[in-house]
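Observations on the model geometry
This is what each chain is made of:
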Amino acid sequence: MVKYYAVFFIVGFESRNRSTEKILNLALYDGLKESDVDLLNCVLNNQQYKVIAINMNKSEGAVRNRLNKIYDAIGVLDRIGFLTTFTGFDVIFKPVEQPA
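Quick look at the structure, then. Bear in mind the structure is a predicted one, so any value in this text is a computation, not a measurement. (Residues numbered from 1 in each chain as written. Predicted model: local features only at pLDDT ≥ 70, side-chain atom pairs only at ≥ 80, totals over all residues. Heavy atoms only, no water.)

Counting its secondary structure elements, the protein chain contains 5 helices and 2 strands. Secondary structure elements in the protein chain, listed N-terminal to C-terminal, are α-β-α-α-α-α-β. Looking at the protein chain as a whole, 28% of its 100 residues are labelled buried. Partitioning the intrachain contacts of the protein chain with sequence separation of at least 6 by distance along the chain shows that 68% fall at a separation of at least 24. Of the accessible surface of the protein chain, which amounts to about 7500 Å², a share of 56% is contributed by carbon and sulfur atoms. (Helix = DSSP H or I, 4+ residues; strand = E, 2+ residues; numbered from the N terminus. Buried < 20%, exposed > 50% of the residue type's maximum accessible area, 1.4 Å probe, protein only. Contact = heavy atoms within 4.5 Å. Areas by Shrake-Rupley, 256 points an atom, 1.4 Å probe, with all protein chains shown as cover.)

Here we come to the packing of helix α2 (residues 36-44) against helix α5 (residues 79-86). Running from N to C, α2 and α5 point in directions that differ by 85°, and their axes come no closer than 10 Å. Of the possible angle classes, the one that applies to α2 and α5 is roughly perpendicular. Within the contact between the two elements, α2 uses L40, V43 and L44 and α5 uses R79, F82, L83 and F86. (Axes fitted to C-alpha atoms, helices over the stretch in contact; angles between N-to-C directions. Parallel < 35°, antiparallel > 145°, perpendicular 65-115°, else oblique.)

This paragraph deals with the packing of α2 against helix α4 (residues 60-74). The relative placement of two packed helices comes down to the angle between their axes together with the axis-to-axis distance. Where α2 contacts α4, the two axes come as close as 11 Å, and the packing angle between them is 95°. The orientation of α2 with respect to α4, classified from their angle, is roughly perpendicular. Residues D36, L39, L40 and V43 of α2 form the contact with α4, whose own contacting residues are V63, R66, L67, I70 and Y71. The class makeup of the residues in the contact of α2 with α4 is 7 nonpolar, no polar and 2 charged. (Nonpolar A, V, L, I, M, F, W, Y, C, P; charged D, E, K, R; others polar.)

This is the structure in structure tokens:
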């Protein structure tokens, strides 16, 4: 009986861990592009906007404006809201195929 509960617990624990994979698919949001994945990953890595801009050869204002559009599209107010909501998520861009 104890073995049954142990196996049940382990199998249940494993299935819960697999099903709680956290993914933010930007393709599901209007107006977002594949290049936005890089921007959000930089934010998730706690890079400052200035550093992101230098690494991407853009102005800090351009980075800030694009990130604000992304935040609006995914339903958060700002960087803090994004980090609070999506820390631990994998950010991807995978278009969903429409059924024929």
